[in-house]
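Survey of secondary and tertiary structure
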Amino acid sequence: MIAANTGLTARNATRLVVTAAVLLASTSLVSAPVLAQAAGTGAEAAAKAPKPPKPQKRGKAVPISLDEPAKPVAAAPAPVQSAPAAPAVAIRSITIEGAQRLESDTILSYIRMRVGDVYSQSSADQVLKDLYATELFTDVQLRNVDGAVSISVKENPVVNRIILEGNKRLKEDKILPEIKLAARQIFTRSKVRADVARIIELYKRQGRFAASVEPKMVMLDQNRVDIVFEITEGPKSKVRQINIIGNETFKDGQLRSEMVTKQSRIFRVFSSGTSYDPDRLAFDQQKLRQFYLTKGYADFRVVSAVAELTPDKRDFIITYVVEEGKRYKFGDVKVESQLRDFDGEKLAARLPLHKNDWYNAKLVEDTVDSLTETVGSFGYAFADVRPDFNRNKDDLTMSVTFRMAEAPRVYVERVDVNGNTLTQDKVVRREFRLAEGDAFNSFQIKRSSNRIKSLGYFQEKFEIEQKPGAANDRILLEANVEEKPTGQLQLSAGFSSLESFIFQASIQQNNFRGRGQTIGLSGDVSRYSKSVQVSFTEPYVFDKNVSLGVDVYRRDYNSFNYYNSNRNTTYKQSTTGFQVRAGVPLSEYVSLIGRYTLNLDNVTLDQATYYLNGQCSIYLAGRYLCDAIGKRVSSMIGTSLVYDTLDNRMRPTKGVSFVLGADVAGLGGSVRYARITANAARYFPVGKGFVFSLRGEGGAIKALSSRSTDPSIDDVRLTDRFFLGEPQIRGFDIRAVGPRVLRKYYTGFDTTSGAGGTLTTDRNQWADDAIGGRYYYLGHAELEIPLGSGARELGLRPSIFMDAGAVFGIAHPTTSGTTLLYQDAVTGSTTTSPTASNGKPNTVIQKFDEVFLGDSPKPRISVGIGVNWNSPFGPFRIDFAKNLSKVEGDKPKSFTFNVGTQF
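Residues numbered from 1 in each chain as written. Predicted model: local features only at pLDDT ≥ 70, side-chain atom pairs only at ≥ 80, totals over all residues. Heavy atoms only, no water.

1. A look at the environment of tyrosine 777
- Note on placement: tyrosine 777 falls in strand S34 (residues 775-784).
- On the basis of relative accessible area, tyrosine 777 is assigned to the partly exposed category, the value being 30%.
- Apart from residues no more than four positions distant in its own chain, tyrosine 777 is found in contact with Glu697, Gly698, Leu724, Ala804, Gly805, Ala806, Phe808, Pro857, Lys858 and Pro859.
- At 2.6 Å, the side chain of tyrosine 777 forms a polar contact with the backbone oxygen of proline 857. (Helix = DSSP H or I, 4+ residues; strand = E, 2+ residues; numbered from the N terminus. Buried < 20%, exposed > 50% of the residue type's maximum accessible area, 1.4 Å probe, protein only. Contact = heavy atoms within 4.5 Å. Polar contact = N/O pair within 3.5 Å; in protein donor to acceptor, adjacent residues only side chain to side chain.)

And the structure:
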């Protein structure tokens, strides 16, 4: 390739040009397009290149060849028959031509040829190899004229910018930090090749094994280039089929249900388990083994697991070859304890493992955990409980001996709190059930973890870490917390045929100033009701285990009925008051709360509409409403006894809570009554993420003084009674369950005599007034259903539920039956008199039937489904319910929703 004599022959010069083109492409770097794909095949990209991300004018993009450049090799000297071989010549000088950015001395440092050496073809070839190896040059030529060596170079271009096209699933901020090429670096094919492989690897991690990348370059002036990576992302590679070979006892479907990886099906559109993941493949092998070990197959093994990519590179087919082996039973089960406080025989008698039961490895693991927790509650933090197995293949039994090694009692050396940036240390520390110097107790550690999680300030998967202390009998407790938003902005909206559109909003900070205080403001407004409340709670007053809270509120409620299909306000009820409460713990799980409440209630009616002769008319308003009119002051004291063992108050999965409350009104004021309420709940984990809950509540109220001798007037006022409906019991509207008075209106009647007419059947045209009851009960049964990891990532938590309840027990109000209302011919006001003051007949303007319904203890039952969704705009709850049991007068409602957010 390089002439060995004093100059280049025509043939050798031709060889030099051809070889340079083979080593690297010409200055335009035009070569056959080569496309790097996920399988490394080099097929062409299918997608068109979209517009560049920056609005810069760009020249024509030329594909970059990723083939390895040919190594410079020595060309055989041209045969010359007519002249003898040229004599060897010493190198007199070496000059560099064509360098722009690199200094000549720098280029000379890359080669081995030196002045004074004897020039030869092999030394010339070595110069080419050395310079091409630096990847700094696109072309190198060498000439020798009587020992004057001239090396002509053309430098590789400088990268001006990197452009990504076609990347929708992976944004630039995820790709650019992972690749080697960057602006102002020297372009080399090896870097491009590595970057293509890296981008493809990133897409493989996303499950897109059909992704492909075609690198291109755009030549610019001043020997600069833009590098363009045209990306074809392709579809996400799914698992088309999971085959299991060798299973005889269990069906394929049962084994597939134990795996995290799922077959791609239309009903798994939200599941991420259908994507292929090599790590998940290894995990599924462990899941299969765990399943068989719980069924007694101690010799089970996965012989092989193979994932094959389909020819279209869209899906995978996974094949497992398994060997089940024989099924074992438990043999002798013993406990050998070297701890003086524990007797091995007594412990063994209480274990859930019994001889001749089918072997279950999960039960063995649970027993180890149970024994470790038991000895830990006695201060043995580092107790070592190990099961020893003795397998008998002849009678297929597995004997287990749990050995509890000797260990010292352990004491808490130090409690550390880490990761809290806003929350003060004392807020976390006061939830610890152990302090420095206390004897270690695993039960108290678990309780402390639950209390810290119940604060709602930190991540859900929080556990207190235990680390060895300065001595064998010392332990360090670390609470490594990760704070999350503790402010809540709740927004809910709904539509009621009674109240039209309903809007509720609340803003609350549960960790105000990092002190664990709660401060909140809430309000709701609809066409006929509105309220506002401000609250503040200090859980530890002066750092003592005493809580104190204050609520100040104003509530307005406007009832309504209809006149000639027009909705009109009937009465207005306003309540202004405050409540002060304080709580003290009686034990770890029991607390006592005391409170004082002062309310000013005012119930009014529009006199122009509902009064006759200066008095409330029972025909216009109803006896029960006339009875409610007036101002009254309620001054009451109350107390609640609280029992709580929930593992998490924000989102419990197990535990019990019970609240018993009592209130007495009569400490001053004009109202006298006694009220008692109870509320209980229990949560059960039902395995594999299912959580079943049972909740119930009830109450009763009794007047302590008589208001009237009229048996139709109840001694408990309207504003003090219990009401039931949405949201307490789903499937019914607001205050839609229990005693009520309905006015059903007639249409088409004779306006002179009031005769005839048709009773309206459209409930929206009735006047519906809930009057509450003195007793109520309510129960809920709900099962939270776990979904796949994809749905969990979306924050979806569906549930099925059943609600049952009733409110009842009220004096039967006197109703007016079928009633005619007239318009006075003289004054134009509404009256019950058929004649005016001038003796002329009045015109009938309204005819209605007034009935009392709903006073029954019969349970109203509804069932339905609900979904909690942590949507991008906040928590979202949807419920669909169907009532199975109702009483005449109740108003069903099938759909409710609410939405909120956190900050």
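2. Looking at the sheet that holds strand S13 (residues 385-392)
- Read across the open sheet, the three strands follow the order S12-S14-S13; overall the sheet is mixed. Whereas interior strands pair on both sides, the edge strands pair on one side only; in this sheet they are strand S12 (329-337) and S13. Strand-to-strand, the axes of this sheet are offset by a mean angle of 15 degrees, without reference to chain direction.
- Taken together, the seven bridges between S12 and strand S14 (residues 397-404) define a ladder with parallel strand orientation. If you follow valine 335 over to S14, its bridge partner there is phenylalanine 402.
- With respect to the sheet, helix H9 (residues 361-376) is in contact with S12, S13 and S14, its orientation differing from that of S13 by roughly 150 degrees. (Pairing = 2+ DSSP bridges. Axes fitted to C-alpha atoms, helices over the stretch in contact; angles between N-to-C directions.)

3. Brief notes about the side chain of threonine 760
- For threonine 760, the location among the structural elements is in the loop between strand S32 (758-759) and strand S33 (767-770).
- Its relative accessible area of 18% is what places threonine 760 among the buried residues.
- In contact with threonine 760, not counting residues within four places along its chain, are Tyr745, Thr747 and Trp766.

4. Here we look at a positive patch on the surface
- There is a patch of like positive charges on the surface, built from Lys168, Arg169, Lys171 and Lys236.
- Examined against the element boundaries, arginine 169 turns out to sit in the loop between strand S6 (158-165) and helix H4 (172-175). (Patch = residues over 30% accessible without salt bridge, like charges linked within 9 Å, V, L, I, M, F, W, Y side chains within 5 Å. Areas by Shrake-Rupley, 256 points an atom, 1.4 Å probe, with all protein chains shown as cover. Salt bridge = Lys/Arg side-chain N within 4 Å of Asp/Glu carboxyl O. Lys, Arg positive; Asp, Glu negative; His and termini not counted. Charge placed at Lys NZ, Arg CZ, Asp CG, Glu CD.)

5. Comments concerning the side chain of threonine 575
- By the element assignment, threonine 575 lies in strand S23 (residues 566-585).
- Within polar-contact distance, the side chain of threonine 575 engages the side chain of aspartate 601 at 2.6 Å.
- Residues in contact with threonine 575, not counting those within four places in the same chain, are Tyr553, Arg554, Arg555, Asn599, Leu600 and Asp601.

6. What to know about a nonpolar patch on the surface
- Together, Ile507, Leu521, Val532, Val534, Leu548, Val550, Val552, Phe578 and Val580 make up a nonpolar patch on the protein surface, roughly 660 Å² of accessible area in all.
- The dominant element in the nonpolar patch, judged by the number of residues it contributes, is strand S22 (residues 547-563), at three residues.
- Structurally, the position occupied by valine 534 is in strand S21 (residues 529-538).
- Overall, valine 534 belongs to the partly exposed group, its relative accessible area being 44%.

7. Brief notes about the confidence of the model for the chain
- Looking at the chain as a whole, the pLDDT averages 82, with 86% of positions reaching at least 70.
- Within the model, the stretch residues 73-86 combines pLDDT values under 50 with 19 contacts to residues more than four positions away or in other chains.
- The model gives residues 560-568 a pLDDT under 50, and that stretch makes 43 contacts with residues more than four places away or in other chains. (pLDDT = per-residue confidence, 0-100.)

8. Re the sheet that holds strand S10 (residues 301-309)
- The strand order across the open sheet formed by three strands is S9-S11-S10, and the pairing between neighbours is mixed. Looking at which strands have only one partner, the edges of the open sheet turn out to be strand S9 (238-245) and S10. Across this sheet, the average inter-strand angle for adjacent strands is 15 degrees, counted without regard to direction.
- Summarising the sheet, S10 and strand S11 (residues 315-323) pair through eight bridges and their orientation is antiparallel. Considered in S11, the bridge of serine 304 is made with valine 321.
- Running over the sheet, helix H7 (residues 278-294) touches S10 and S11 and is turned about 30 degrees from S11.

9. Brief notes about the environment of arginine 280
- If you trace the backbone, arginine 280 turns up in helix H7.
- Exposure remark for arginine 280: the relative accessible area of 17% places this residue in the buried category.
- C-alpha separation for the pair arginine 280 and valine 260, spaced 20 residues apart in sequence, amounts to 7.1 Å.

10. Focus: helix H11 (residues 442-454)
- Counted at 1.5 Å a residue, the expected span for H11 with its 13 residues is 18 Å, and the 18 Å between its end C-alpha atoms agrees.
- Counting buried positions along H11 yields ten of 13 residues, so the element is predominantly enclosed.
- Taken residue by residue, H11 has Ser442, Ile445, Arg447, Ser448, Ser449, Asn450, Arg451, Ile452, Lys453 and Ser454 as its buried positions.
- On its buried face, H11 is in contact with H9, helix H10 (425-429), strand S16 (465-468), strand S17 (474-480) and strand S27 (630-644).
- Two to three positions downstream of the cap, the backbone nitrogen of phenylalanine 443 sits 2.9 Å from a side-chain oxygen, assigning the N-cap of H11 to asparagine 441. (Expected span 1.5 Å × (residues − 1).)

11. Thoughts on the nonpolar core
- If you look at the biggest cluster of nonpolar residues, it comprises 26 residues, and the most contacted ones within it are Tyr359, Phe402 and Met404.
- For this core, the element with the most residues is H9, which contributes five residues.
- Judged by nonpolar contacts, the second largest core, of 23 residues, contains Leu66, Phe187, Val192 and Val196. (Core = buried A, V, L, I, M, F, W, Y, C linked by side-chain atoms within 4.5 Å.)

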